[in-house]
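Chain by chain, the residues:
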Amino acid sequence: MKKAIVIGSGIGGLASAIRLKCKGYDVDVYEKNSYPGGKLTTIEKGGYHFDAGPSIFTLPHLVDELFELAGKNPKDYFQYQKLDVSARYFWEDGTKLTAYADRDKLISEIESKLNANGKEVDKYLSEVERLFKLSYPVFVEKPLNKLSSFLNKETVLAIVNIRKFNLFTSLHNHNKKRFSHPKLIQMWDRYASYNGSNPYTAPGVMSVISNLENNSGVFLPKGGTHSITQSLHQLGIDIGVNYHFNKKIQKIQVRNKEITSITVDDTSITADVFVSNVDVVSLYRMIEGAAKPTKSLEIERSSSALVFYWGISKSFENLGVHNILFSDKYTEEFNHIFNQKDIYIDPTIYINITSKKELGQAPNGCENWFIMINAPSNFNQDWNALIPKFRKIIKAKINRILNVDIDQYIEVEEILDPISIENKTSSHRGSIYGAASNSNLAIFRRHPNSSKQFKNLYFVGGSVHPGGGMPICLNSAKIVDHMIKNIND
Ligand SMILES: Cc1cc2nc3c(=O)[nH]c(=O)nc-3n(C[C@H](O)[C@H](O)[C@H](O)COP(=O)(O)OP(=O)(O)OC[C@H]3O[C@@H](n4cnc5c(N)ncnc54)[C@H](O)[C@@H]3O)c2cc1C
């Protein structure tokens, strides 16, 4: 039997291991942590369960199809519900808006709460739906470093329509041309942050991200997003994937343009195929004698985050699962993150509360708040000073907007920052989505899924093509699956 080694058990690694096993390989996953999932993990404290990383879950069929590929019923492992409200928005001037999944309801909410032109929203959502259908099969489902990706009907159609992608306009300018109300511009600029990018420099084509939330829908897995990790890990066990935890790969050995083995605990382990789920920057540090692909390694990193996990001993009627408390100066917020490598004094605050729908996630009458602000990636800022400073700022903004004294309800607390993200997952500079999309051709500069130097080395996860975010990482594993031959071919 041919042997495959997967390095790292983030969502991209878990999916790759399942796909390789289904191809007939003998699969071993080596993970430096004591648990699977990488960023997609959990924190439990004082009766509260928190999803430690991702909370916005879209395109659930990409998880389902892994069970189907293995001949299993996805429902036996993994369940989820579609949310009828994708987010609740709050502004400092007292405006509140509920973003319904249903388009007509969303439009009438926008008309009544913002007194804005609902037709603009309708037109925008139809446009992003068309653009998504044109761009997804080309830029997300295919490798961009293979000629074969460009010799098909879908790519020709995308090339013919390339002007519509607005690659040379920023997302913000793209949105400014489509919405007359500043709050609508801000709401749709925000989607750049879904892959850690800056709406003022990322290209207009990023508008397609909003298609996921506004047209396809936002889903909540039963038990929170961590159940994605649990169920994929369980599926791997059931079909015979071998997992090795607390096993940090130290070195990767090469001979004649092939990877021959990895070194773990000073022992060398050989295989035929190697799939890296490790951030590419860390990976190249491990390969002995590899030439570094500087163009893709030097590409600007995505934003990172400061996250506070608060067990709150009260229930808040006016909050939903996903809540956004907007900054009044959005331009300044992104200018600080990407240019000044700092956090603006009035950051946008995201509050995720899964216990709104999943009652077991918090004690009775209480809520599990995941509070996140975007932060620059780690350039040795003084995080020890920034964390208490922004803890105070966040509390003050929550108190102002929700008219509460939140301090008295915080029962438990945990904190995640760029340094801990880097330490826990080896993400270069603690960025949460790998490379940012802050230039018009960034997508073409991302590290590809295969290696020019080593023919049996493949790459998956947020730091490589097509990029960060759970569904996108799952696509990287799918691309690699198509690149690697079946055992009997
Ligand atoms: C706070 C936060 C919020 C987020 N919000 C969202 C969201 O709402 N929606 C969304 O879709 N995405 C979100 N993301 C992004 C999403 O979590 C990531 O894009 C995705 O989980 C990355 O998966 P990955 O496959 O790249 O692996 P990672 O999660 O990066 O895991 C890599 C794994 O490799 C292991 N590893 C590293 N080095 C070694 C080594 N030398 N030897 C062995 N193992 C090694 C690590 O320990 C880790 O387990 C968020 C991320 C964070 C941190």
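Basis of the calculations
- Residues numbered from 1 in each chain as written.
- Predicted model: local features only at pLDDT ≥ 70, side-chain atom pairs only at ≥ 80, totals over all residues.
- Near = placed C-beta within 6 Å.
- Helix = DSSP H or I, 4+ residues; strand = E, 2+ residues; numbered from the N terminus.
- Nonpolar A, V, L, I, M, F, W, Y, C, P; charged D, E, K, R; others polar.
- Domains from an automatic or database assignment.
- Buried ≥ 20, exposed ≤ 12 C-beta atoms within 10 Å, placed from the backbone.
- Arc of directions from axis to C-beta.
- Contact = placed C-beta atoms within 7 Å.
- Axes fitted to C-alpha atoms, helices over the stretch in contact; angles between N-to-C directions.
- Left-handed = near helix turned anticlockwise from the far one by under 90°.
- Pairing = 2+ DSSP bridges.
- Core = buried A, V, L, I, M, F, W, Y, C linked by C-beta atoms within 7 Å.

Novice: Whenever I open this one, the site of the ligand confuses me. Can you help?
Specialist: Around the ligand sit 38 residues in total, of which G8, G10, G12, G38 and G461 are the nearest. Looking at the shell around the ligand, the elements with two or more residues in it are α1 (11-23), β14 (304-312), α14 (418-425) and α16 (470-483). Class assignment for the residues of the shell around the ligand results in 16 nonpolar, 18 polar and four charged. Formed jointly, the shell around the ligand draws a minimum of three residues from each of two domains, domain 1 (3-34 + 245-300 + 435-483) and domain 2 (42-101 + 217-222 + 303-432).

Novice: Sorry, what's going on with helix α6 (residues 171-178) here?
Specialist: Residues spaced three or four apart along an α-helix face the same direction, because each turn holds 3.6 residues. Residues of α6 that are buried include every one of L171, H172, H174 and N175, and no others. Each buried residue of α6 sits inside an arc of 160 degrees when the element is viewed along its axis, so together they form one side. Looking at the buried positions of α6, the neighbouring elements they touch are α7 (182-189).

Novice: Could you clarify how one ought to interpret the packing of helix α4 (residues 118-140) against helix α8 (residues 209-216) in this entry?
Specialist: Packed helices, taken two at a time, are described by the angle between their axes plus the distance between the axes. Where α4 meets α8, the axes come as close as 9 Å, and the angle between the chain directions of the two elements is 115 degrees. Where α4 crosses over α8, the handedness of that crossing is left-handed. Counting all contacts with α4, which are made through L125, V128, E129 and F132, the residues of α8 involved are S210, N211, N214 and N215. Classifying every residue of the contact of α4 with α8 by side-chain character gives three nonpolar, four polar and one charged.

Novice: How should unusual backbone geometry be read in this particular structure?
Specialist: It is generally the case that most residues other than glycine have a negative phi and that most peptide bonds are trans. Residues H465 and P466 are joined by a peptide bond in cis, for which omega reads 0 degrees. You can see P466 is positioned in the loop between β19 (457-459) and α16. Its identity as a non-glycine residue notwithstanding, N246 has a phi of 55 degrees, on the positive side. According to the C-beta neighbour criterion, N246 is exposed, with 12 such atoms within 10 Å. Residues other than glycine seldom take positive phi values, yet N403 does so here, at roughly 55 degrees. Among the structural elements, N403 can be located in the loop between α13 (383-402) and β18 (410-416).

Novice: Where do I start with the domain arrangement of the chain in this structure?
Specialist: Reports of interface size often rely on the accessible area that becomes lost once the parts have come together. Annotation of the chain at the domain level lists domain 1 (3-34 + 245-300 + 435-483) and domain 2 (42-101 + 217-222 + 303-432). Between the C-alpha centres of domain 1 and domain 2 the distance comes to 28 Å. Each partner contributes to the interface: domain 1 provides 15 residues, whereas domain 2 provides 15 residues. Going through the elements one at a time, α1, α10 (280-286) and α16 are the ones with two or more residues in the side of domain 1 that touches domain 2. When the residues that make up the side of domain 1 that touches domain 2 are grouped by side-chain class, the tally is eight nonpolar, five polar and two charged.

Novice: Just to check I follow, could you spell out the sheet that holds β14 for this structure?
Specialist: Within a sheet, each strand pairs with its neighbour through backbone hydrogen bonds, oriented either parallel or antiparallel. Strand order in the open sheet formed by seven strands is β7-β6-β15-β16-β17-β14-β18, and the pairing between neighbours is mixed. Each edge of the sheet is formed by a strand with only one pairing partner; in this case those strands are β7 (96-100) and β18. Pairs of neighbouring strands in the sheet enclose a mean axial angle of 20 degrees, with direction left out of account. Judged from the three bridges that link them, strand β6 (residues 85-90) and strand β15 (residues 322-325) form a sheet pairing that is parallel. Across the sheet, R88 pairs through a bridge with N323, a residue of β15.

Novice: It is not clear to me how the sheet that holds strand β10 (residues 249-255) should be interpreted in this structure. Could you clarify?
Specialist: Pairing is antiparallel across the open sheet formed by three strands, whose spatial order is β10-β11-β12. Every other strand in the sheet has two partners, leaving β10 and β12 (267-270) as the edge strands with one partner each. Adjacent strand axes in the sheet meet at a mean angle of 30 degrees, parallel and antiparallel pairs treated alike. Relative to strand β11 (residues 258-264), β10 is paired through six bridges, and the arrangement is antiparallel. Across the sheet, the residue bridging to Q253 is S261, located in β11.

Novice: I'm lost on the environment of I262 in this one. Help?
Specialist: With respect to the helices and strands, I262 occurs in strand β11. C-alpha separation for the pair I262 and K32, spaced 230 residues apart in sequence, amounts to 13 Å. Residues contacting I262, with those up to four places away along its chain left out, are I5, I7, Y30, I249, I252 and I269.

Novice: Just checking my understanding: could you explain the pairing of β15 for this structure?
Specialist: The side chains of a regular strand alternate, first on one face of the sheet and then on the other. As defined by bridge partners, β15 adjoins strand β16 (residues 349-353) across four bridges and the pair is classed as antiparallel. Note on β16: the bridge partner recorded for N323 is I351.

Novice: Help me out: how do you make sense of the packing of helix α3 (residues 103-114) against α4 in this one?
Specialist: Here α3 crosses α4 at 145 degrees, and the two axes come no closer than 8 Å. For α3 against α4, the interelement crossing comes out right-handed. In this structure, α3 contributes R103, L106, I107, S108, I110 and E111 to the contact, and α4 contributes G118, V121, D122 and L125.

Novice: Even after reading the chapter, I still don't get the nonpolar core, so can you show me in this structure?
Specialist: Among soluble globular proteins, nonpolar side chains are generally buried collectively. In this structure, A4, V307, I371 and I373 are the most contacted members of the largest nonpolar core, which totals 129 residues. Per-domain counts for this core show at least three residues from each of domain 1 (3-34 + 245-300 + 435-483) and domain 2 (42-101 + 217-222 + 303-432). In contact with I373, other than residues within four places in its own chain, are A305, L306, I343, P347, T348, I349, F390 and I394.

Novice: Can you walk me through the pairing of β14 in this structure?
Specialist: With nine of its nine residues buried, β14 lies for the most part within the structure. Side-chain alternation along β14 places S304, L306, F308, W310 and I312 on one buried face and A305, V307, Y309 and G311 on a second face that is also buried. As defined by bridge partners, β14 adjoins strand β17 (residues 367-375) across nine bridges and the pair is classed as antiparallel. Bridge assignment links A305 to a residue of β17, and that residue is N374. With six bridges connecting them, β14 and β18 associate as antiparallel partners. The residue of β18 that forms the bridge with Y309 is E414.

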